[in-house]
Amino acid sequence: MNERVIELTEINPNEFFGAENRTISLLKTYFPKIKIVARGNKLKIYGDKEILDEFEKRLNSLIKYFNKYNKLDENSIERILTSNGKEEIERKLGNKSDVLVHGVNGKVITPQTENQRKLVALMSKNDLLFAVGPAGTGKTYTAVALAVKALKEKDVRRIILTRPAVESGENLGFLPGDLKEKLDPYMQPLYDALRDMIPSEKLQAYLENGTIQIAPLAFMRGRTLDNAFVILDEAQNTTHAQMKMFLTRMGKHAKFIITGDPGQIDLPRKQVSGLKESLLALKSIDGIGQIYLDDKDVVRHRLVKKIIKAYKSIETE
């Protein structure tokens, strides 16, 4: 068994290792064949040379990330330890080609996971893309960022964001207000993403002049969507007729992204999801891409990933 000593310099080991040595615990989880002993600012590691080499490379990426951002959350640790090809840290520290949008207050918006990067790459090669996966995997957020990028670069003239207004236990008819006020709660995730990427005054102007349109899916009927970046969100709640109607709205110089989570269908029990149907029917058509995200792509609170895994285990029993 080989022994190696790694010294942490110019960083506070207590902050790097975290409360109750959280970072060490995660390292042990992903490198179970290595024995790790932490003493002050030094790590002693024991194991086969090849595994020690890989461990040291990943640890250096974690250190580089920590030096840049002065923090190390569990999601970032897991993405760095499990990333394939380019290290997450190298992207984070200046791969300008990954930047989708410079958002509000200088926020740099980039794809955060390998599958999100694949989503971006597939959208550049296809005019229609299905992005499918559980909650929190960044499907909608990444799609909106791509739409804002296309608008800023004048690849399209407008952005159209739509969702089916399907009630998940709530009764739409009993909500207060006019039609817009009733529907706005369904569209809130889309507004939230846009507010991260476009200053409020400019966003309001776009909404008022129709450059950005947010509307329920039923409002798409009869339209031809030219020169537009169109996102259909929560597509698992479309019916066969709604999905066919939406797909046939595609006009010239248009880009469509359809996002959805087949595990959260709110349709009546006997109703077939238009998303599931279209994924099968259209999978072999050139110009249509499909990307499947999973719990490794979750970028919300660290517990969301664990919740998804827990539900997956009981749903497959």
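For the structure, see preceding data.
Residues numbered from 1 in each chain as written. Predicted model: local features only at pLDDT ≥ 70, side-chain atom pairs only at ≥ 80, totals over all residues. Heavy atoms only, no water.

## A closer look at the overall build of the protein chain
Helices and strands together make up the secondary structure of the protein chain, namely twelve helices and eleven strands. Counting over 317 residues, the protein chain shows a buried share of 48%. For the protein chain, contacts bridging at least 24 residues in sequence account for 71% of all contacts bridging at least 6. Just so you have it, the protein chain exposes about 17200 Å², and 50% of that area is on carbon and sulfur atoms. (Helix = DSSP H or I, 4+ residues; strand = E, 2+ residues; numbered from the N terminus. Buried < 20%, exposed > 50% of the residue type's maximum accessible area, 1.4 Å probe, protein only. Contact = heavy atoms within 4.5 Å. Areas by Shrake-Rupley, 256 points an atom, 1.4 Å probe, with all protein chains shown as cover.)

## Thoughts on the nonpolar core
The biggest cluster of nonpolar side chains holds 34 residues, and the ones touching the most others in it are Leu194, Met197 and Phe229. Those elements that provide at least two residues to this core are helix H6 (114-125), strand E6 (128-132), helix H7 (139-152), strand E7 (158-163), helix H8 (179-197), strand E8 (212-216) and strand E9 (228-232). Those residues in contact with Leu194 that sit more than four places away from it in its chain are Val144, Val148, Leu161, Leu203, Ile212 and Ile214. If you look at the next biggest cluster of nonpolar residues, it comprises 24 residues, including Ile11, Phe17, Phe55 and Leu62. (Core = buried A, V, L, I, M, F, W, Y, C linked by side-chain atoms within 4.5 Å.)

## Focus on the environment of Arg221
Structurally, the position occupied by Arg221 is in the loop between E8 and E9. According to the relative accessible area criterion, Arg221 is exposed, its value standing at 55%. Spatially, the C-alpha atoms of Arg221 and Arg249 are 7.8 Å apart, while their sequence positions differ by 28 residues.

## Focus: the side chain of Thr23
Looking at where Thr23 falls in the secondary structure, it is placed in helix H2 (residues 22-30). With relative accessibility at 0%, the residue Thr23 sits in the buried group. Ignoring anything within four residues of it in the chain, the contact list for Thr23 reads Phe16, Phe17, Gly18, Leu62, Leu72 and Ile77.

## Notes on a nonpolar patch on the surface
Among the surface-exposed residues, Leu303, Ile307, Tyr311 and Ile314 lie close enough to one another that they form a single nonpolar patch of about 400 Å² accessible area. Note on placement: Tyr311 falls in helix H12 (residues 302-315). (Patch = residues over 30% accessible without salt bridge, like charges linked within 9 Å, V, L, I, M, F, W, Y side chains within 5 Å. Salt bridge = Lys/Arg side-chain N within 4 Å of Asp/Glu carboxyl O.)

## Concerning the sheet that holds E8
The six strands are arranged E8-E7-E9-E10-E6-E11 in an open sheet whose pairing can be described as parallel. Where the open sheet ends on each side, the last strands, each with one partner, are E8 and strand E11 (288-292). Each strand of the sheet is rotated relative to its neighbour by a mean of 15°, with strand direction disregarded. Direction of pairing for E7 relative to E9: parallel, over a ladder of five bridges. (Pairing = 2+ DSSP bridges. Axes fitted to C-alpha atoms, helices over the stretch in contact; angles between N-to-C directions.)

## A closer look at the pattern of salt bridges
In the structure shown here, the tally under the stated rule is eleven salt bridges. Among the salt bridges present, the one from Arg163 reaches Asp233, with a minimum N-O distance of 2.9 Å. Of this pair, Arg163 sits in strand E7 while Asp233 sits in the loop between E9 and helix H10 (240-247); the two residues are 70 residues apart in sequence, bridging distant segments of the chain. We note that Arg163, like Asp233, is buried. Through salt bridges with shared partners, one network takes in Arg4, Lys49, Asp53 and Glu56.

## Digging into helix H11 (residues 274-281)
Among the residues making up H11, those that are buried are Gly274, Leu275, Ser278 and Leu279. The arc that holds the buried residues of H11, viewed along the axis, is 130°, so those residues lie on one side. Exposed residues on H11 whose side chains face more than 90 degrees from its buried face are Leu280 and Ala281. Contact partners of the buried residues in H11: E6, H10, strand E10 (255-260) and E11. For H11, the N-terminal cap is Ser273; the gap from its side-chain oxygen to the backbone nitrogen of Leu275 is 3.2 Å. (Arc of directions from axis to C-beta. Polar contact = N/O pair within 3.5 Å; in protein donor to acceptor, adjacent residues only side chain to side chain.)

## Remarks on unusual backbone geometry
Trans peptide bonds make up the majority, and among non-glycine residues the majority have a negative phi. Unlike most non-glycine residues, Asn21 shows phi in positive territory, near 55°. Its location among the elements puts Asn21 in the loop between helix H1 (13-17) and H2. Among the residues examined, Asn21 registers a relative accessible area of 36% and is labelled partly exposed. For Lys154, which is not glycine, the phi dihedral falls at a positive 60°.

## Remarks on helix H4 (residues 74-82)
Along H4, eight of the nine residues are buried, which leaves the element largely enclosed by surrounding structure. All of the buried residues along H4 are Glu74, Asn75, Ser76, Ile77, Glu78, Arg79, Ile80 and Leu81.

## Points about the packing of aromatic side chains
We describe a pair of aromatic rings using the distance from one ring centre to the other and the angle between the two ring planes. Counting across every chain of the model gives three aromatic pairs. Consider the rings of Phe16 and Phe17, whose centres lie 5.6 Å apart with planes at 65°: the pair is edge-to-face. Taking relative accessible area as the criterion, Phe16 reaches 1% and is therefore assigned buried. Between the aromatic rings of Phe246 and Phe256, the centroid separation amounts to 4.9 Å while the plane-to-plane angle is 40°, which identifies the pairing as tilted. (Phe/Tyr/Trp six-rings, centres within 6.5 Å; stacked < 30°, edge-to-face > 60°.)

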